[in-house]
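Structural description and commentary
Residues per chain, in single letters:
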Amino acid sequence: MTRLPGHGPGGPSRRKVLWGGAAAAGAGAAALTGADTVFRSLRFPVENPGADDPAGAARPHGERVHPFHGAHQSGVATPPQAHARFIGVDLNKDVDADGVRRLLSLLSDDAARLTQGRAALADTEPELAAAPSGLTITFGFGPGLVERVDPGAIPAWLKPLPDFTTDRLEERWSHGDLLLQVCCDDPLTLSHAARMLGKDTRAFGTVRWSQEGFRRSYGAEPSGTTMRNLFGQVDGTVNPAPEEEGFDSLVWCGDDTPGWLQGGTAMVLRRITMDLEGWDRLDRPGREDSVGRRLDNGAPLTGTEEHDEPDLEAMTPLGFPVIAEYAHIRRARSPDSEERIFRRAYNYESETEGAGLLFACYQRDPERQFVPIQRRLDELDLLNEWITHIGSAVFAIPPGCEEGGFVGRGLFES
């Protein structure tokens, strides 16, 4: 191969120089068109899907976005994504109200960018942010964070839940000053977003725990299909829908809450370990009896379809309730229509930590909604033979913010 004058055998070849010149010309063109144009080409490489494909290829799922700004934070009423990571952060002792403000401003600014497929301010790998894939980032405050800003602004329910007899809680999965809830349909995007948020919090606190969960892959089932847990059960049939009348009064905080939290919600996160081997030893009728539902389609034992209303008065020919007194669906029900929660659970599995459920639920007041339900389950739910609650945390999820603002701003103005 011909060498350029002045270069020996180890010097650059004509081909390398020509390729280098072409690259330089491309870089110059990129500079003229602007970095934002280049980034858009990375983010949306197919501007006219189907133009060169006679079959008409669909646009990538990775382009889907949920708004960050608005009256409520995304990640609550948003349709659940396939992957989730819940991160609990303990603030450093020297972080005061001003430090909390700076942290929340930084987090909100980066979250607003990442959820829209744009790089965080200090992002050294912007390509990893280019496919948002339905990413949502939601912030929650524990009592320790609120206390740093205004001790009088802590709602009465923002505290550890009461003790339940079946709990075996571990500190390493419980409590925390700040919650980062990151949900996405793509695990790479989720991992990158969590890493960027971790960089933001590094100077203000330390990670107390990190819990990852999963559901079916995006598109694996029709939208709105009730999830299944690792026991194979349809999990969350009676969940209120965001479009349902009365959803707002169940979930979003109102006038009975400190002003900074109105339009927000209360979140309870419970880590529930599941004895899969013990469950495997139980026959199918025994599994269905303990839940009160059929495993194949989630129908109550007194019905044929998942959303049929269970008949709690129905009896067997021998005079026993068809849905036993200890069945999960009987224990979870209440005649009080206000005693309902909005659940958004995820499965988890780890070689070292076992398998189970990350039970995340949202409501206006955990003391009036979650606690009574859990007490009934604690007393007589047969599922307690195979499940154990090992983690528990309660967070206040502030309302959303406007463009240019930050989540939790109302706390500093109350």
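As a convention, each chain's residues are numbered from 1 in the sequence order in which they are written. Local features in a predicted model are, by the rule used here, given only for residues with pLDDT of at least 70; side-chain atom pairs are given and counted only at 80 or more, and totals for whole chains, interfaces and linings are based on all residues. Only hydrogens and water are set aside when side-chain values are computed; all heavy atoms of the structure are taken into account.

Observations concerning the pattern of salt bridges
What counts as a salt bridge is simple: a side-chain nitrogen of Lys or Arg found within 4 Å of a carboxyl oxygen of Asp or Glu. Enumeration according to the criterion identifies 24 salt bridges in this entry. A salt bridge links aspartate 98 to arginine 102, with the nearest nitrogen and oxygen atoms 3.3 Å apart. Pair noted here: aspartate 98 and arginine 102 are both in helix H3 (residues 97-114), with a separation of four residues, about one helical turn. Think of it in three bands: residues with accessible area under 20% of the maximum for their type are buried, residues over 50% are exposed, and the middle band is partly exposed, with areas taken using a 1.4 Å probe on protein chains only. Judged by relative accessible area, which is 46%, aspartate 98 ranks as partly exposed. Assessed through its relative accessible area of 46%, arginine 102 is described here as partly exposed. Across the pair glutamate 353 and arginine 172 runs a salt bridge whose closest N-O atoms are separated by 3.0 Å. A residue pair is termed long-range when its members are at least 10 positions apart, and glutamate 353 in the loop between strand S7 (346-350) and strand S8 (354-363) and arginine 172 in the loop between helix H4 (143-149) and strand S3 (178-184) qualify at 181 residues. Taking relative accessible area as the criterion, arginine 172 reaches 42% and is therefore assigned partly exposed. Taken together, the shared-partner salt bridges connect Asp256, Arg364, Asp365 and Arg368 into one network. Under the DSSP-based scheme used, a helix requires at least four consecutive residues in state H or I and a strand at least two consecutive residues in state E, with every element numbered from the N terminus.

Description of helix H5 (residues 187-201)
Each turn of an α-helix holds 3.6 residues, which means side chains three or four residues apart point in the same direction. Between its terminal C-alpha atoms H5 stretches 21 Å, which fits the 21 Å expected from 15 residues at 1.5 Å a residue. Inspection of H5 places Thr189, Leu190, His192, Ala193, Ala194, Met196, Leu197, Asp200 and Thr201 among the buried residues, and these make up the whole buried set. The contact definition used throughout considers only heavy atoms, calling two residues in contact when any of these lie within 4.5 Å. In the core, the buried residues of H5 are packed alongside strand S1 (83-91), H3, strand S2 (136-141), S3 and strand S4 (205-214). For this analysis, a polar contact is any N or O atom pair within 3.5 Å, provided that within protein one partner can donate a hydrogen and the other can accept it, and provided that sequence-adjacent residues contribute only side-chain to side-chain pairs. Between a side-chain oxygen at the N-terminus of H5 and the backbone nitrogen of leucine 188 the separation is 3.2 Å; the capping residue is aspartate 186. Multiplying one less than the number of residues by 1.5 Å gives the expected span of a helix.

Some remarks on the confidence of the model for the chain
Predicted confidence across the chain gives a mean pLDDT of 89, with 86% of residues reaching 70 or more. Each residue carries a pLDDT score, the predictor's own confidence in it, on a scale running from 0 to 100. Of all helices and strands in the chain, the one with the weakest mean pLDDT is helix H1 (residues 14-33) (36), whereas S3 scores best (99).

Observations concerning helix H8 (residues 284-291)
Looking only at H8, the buried set comprises Arg287, Glu288, Ser290 and Val291. Projected down its long axis, H8 carries its buried residues within an arc of 160 degrees, all on one side. The elements touched by buried residues of H8 are helix H7 (276-280) and helix H9 (328-332). The residue sitting at the N-terminus of H8 and contributing the capping side-chain oxygen is aspartate 283; that oxygen lies 2.8 Å from the backbone nitrogen of glycine 286. Once H8 ends, the next one or two residues include glycine 292, with phi positive near 90 degrees. Working note: the arc is built from the helix axis to C-beta atom directions.

A few points about the nonpolar core
Residues Ile137, Phe139 and Phe141 are the most contacted members of the largest nonpolar core, which totals 65 residues. Setting aside residues no more than four positions away along its own chain, phenylalanine 141 makes contact with Leu104, Val146, Leu158, Asp177, Leu178, Trp260, Phe395, Ala396, Pro398, Val407, Gly408 and Leu411. For the purposes of this section, nonpolar cores are sets of buried Ala, Val, Leu, Ile, Met, Phe, Trp, Tyr and Cys residues that join through side-chain atoms within 4.5 Å. Residues Val76, Trp209, Ile390 and Ile397 belong to the second largest nonpolar core, which totals 23 residues.

What to know about unusual backbone geometry
The backbone of serine 133 sits at a positive phi, close to 50 degrees, despite the residue not being glycine. One non-glycine residue, histidine 175, lies in positive phi territory at about 65 degrees.

As for the packing of H3 against H5
Remark: H3 packs on H5, axes separated minimally by 9 Å, with the N-to-C direction vectors making an angle of 160 degrees. Taken as axis vectors, H3 and H5 run roughly antiparallel relative to one another. In the packing of H3 onto H5, the handedness of the crossing is right-handed. Contacts between H3 and H5 involve Leu103, Leu106, Leu107, Asp110 and Leu114 from the first element and His192, Ala193, Met196, Leu197, Asp200 and Thr201 from the second. Only the stretch in contact is used when fitting a helix axis, every axis being a line fitted to C-alpha atoms; angles between N-to-C directions are given from 0 to 180 degrees. Here roughly perpendicular refers to angles of 65 to 115 degrees, roughly parallel to angles under 35, roughly antiparallel to angles over 145, and oblique to all remaining angles. Two helices that cross are described as forming a left-handed crossing if the nearer one is turned anticlockwise from the farther one by less than a right angle, and a right-handed crossing if clockwise.

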